[in-house]
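Structural description and commentary
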Amino acid sequence: MSPALDRRDLLKLLAAAPVAAQFAAAPPVAAAAGHGILKPLPSDVFTIRGTNAETNVAALRDTGLHTPEDHFFVRNHTSTPVLDESEWKLTVWGSGLRGRPVEFSYGQLRSLPAVTRTAVVECAGNGRNFYATQQGQPVAGTPWTLGAIGAASWRGVRLRDVLRRAGIDPSAVHVMPRGLDDPYVSGGVDYGRVRRPLPAAKALDDVLLAYEMNGEPLPYDHGFPVRVVVPGWIGIASIKWLGDIQVSATPLSSPWTTEFYRLFGDAYPAGGSDPIGPQTVKSALELPLGARLEAGTVHRLTGRAWSAKAPVSHVEISTDGGAHWRRARLRDTPCRDGWVRWSADWRPRAAGPAEVLSRTTDRAGNTQPERSVHNTQGYLFDAVVRHPVTVT
Ligand SMILES: Nc1nc2c(c(=O)[nH]1)N[C@H]1C(S)=C(S)[C@@H](COP(=O)(O)O)O[C@H]1N2
Ligand SMILES: [Mo]
């Protein structure tokens, strides 16, 4: 938080204003900035894209395995709401419960058994811009490069524990968390509050209701007081500012499974693919696109590699357009749902334009292809990125 926007001051300010139960409008500072994000977004770290902020991948070079709040990308459909945890409650309801709706206060959630785990949150559209720039295929949506991802240590309670306490019935098939941020309105259509059903099997497996990120209460922009974290799945599954969870004995849908986050295009059936869930395999070079590197000097190239399907096995790099590959050094022990840092030294010889390619392979044998299969909304870009540099 910037000193000007101390959380306690904000809560005081909001307590003084007449507010609807649980939440208030975003403070004037965010409105004035136009993007609705509360934390500072210095331009060396973030690129603002509408209501979102992409982390400049080069800036990750200064960070460890966990992305600090001041480097973590923000993807907001509207704007960050400021909620008061003492007013906040979670309502679990629906035909998939044995009984009536059940409410949990923040304190009650905090008193349930806590777990801490590392996971990346990665937008389904991460890398989307490379469909256009690398494959010549226009796509709709925020033109992220590779910085719509961050890794954190999340602490919270298992969704499973909450659902069991709420009396989930074995007949439940879908579990749909919904956010307390404003309804999403686009192109004159009101899609309602951000929400997306999860299969009950995933909800009862490894999903977390997180109240801490990297050992601190969740920042406002990342879902304070409580967000969902769905390891291995596209970011939209990890609903921020959680308000209620519908548990259903019949399948649910939302615009985020019908219109968005489904694959449409020549390679897919007319009505689109099934709703997408798991993320894919990628790597990123911690260098600005178009960076200038001096010829005849050794440069330590660094980057990140991750796969949602299995721990990373190895990373290869090529500096001759993909003709020859060599292994990068992994600087961390690969684990599931996190990422690893890698490095490789390169001494470019001749001045001129060049490309650095990096390619991740995971232990299940998934590897980045040369080309991603196109879909109209540009999701799940997984191809090897040909990172342009200029050797001087
Ligand atoms: N309530 C709510 N939850 C949300 C969103 C949102 O706009 N509203 N955006 C989703 C999307 S598309 C992504 S990629 C992640 C981004 O999480 P972050 O902003 O903490 O990085 O949050 C998801 N959860
Ligand atoms: Mo996203």
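Preceding block: the structure.
Here's what I pulled together on the structure shown here. Note that the structure is predicted; figures quoted are calculated from it, not measured.

Tracing the chain through its elements places Gly232 in the loop between strand 15 (227–229) and strand 16 (242–248). In this structure the C-alpha to C-alpha distance between Gly232 and Gly338, which are 106 residues apart in sequence, comes to 8.8 Å. Not counting the four nearest positions on each side in its chain, Gly232 is found in contact with Gly277, Pro278, Gln279, Ala308 and Asp337.

All buried positions along helix 5 (residues 159–166) are accounted for by Leu159, Asp161, Val162, Leu163 and Ala166. Following helix 5 by one or two positions, Gly167 has its phi on the positive side, about 85°.

Before going further, it helps to examine the sheet that holds strand 9 (residues 174–179). Spatial ordering of the open sheet is given by 6-5-16-9-12, a layout of five strands whose pairing is mixed. Of all strands in the sheet, those bounded by a partner on one side alone are strand 6 (102–105) and strand 12 (198–199).

Within the open sheet, the four strands sit side by side as 17-19-23-22. Their pairing is antiparallel. Strands at the two margins of the open sheet, each flanked by one partner only, are strand 17 (281–285) and strand 22 (329–330).

This next bit is on the site of ligand 1. Around ligand 1 lies a shell of 20 residues, among which Phe73, Asp181, His222, Arg227 and Lys240 are the nearest. If ligand 1 stood free it would expose 530 Å²; the protein chains cover 100% of that surface. Looking at side-chain class alone, the shell around ligand 1 contains ten nonpolar, six polar and four charged residues.

Calculation rules
- Residues numbered from 1 in each chain as written.
- Chains lettered and ligands numbered in written order.
- Predicted model: local features only at pLDDT ≥ 70, side-chain atom pairs only at ≥ 80, totals over all residues.
- Heavy atoms only, no water.
- Helix = DSSP H or I, 4+ residues; strand = E, 2+ residues; numbered from the N terminus.
- Contact = heavy atoms within 4.5 Å.
- Buried < 20%, exposed > 50% of the residue type's maximum accessible area, 1.4 Å probe, protein only.
- Pairing = 2+ DSSP bridges.
- Near = heavy atom within 4 Å.
- Areas by Shrake-Rupley, 256 points an atom, 1.4 Å probe, with all protein chains shown as cover.
- Nonpolar A, V, L, I, M, F, W, Y, C, P; charged D, E, K, R; others polar.

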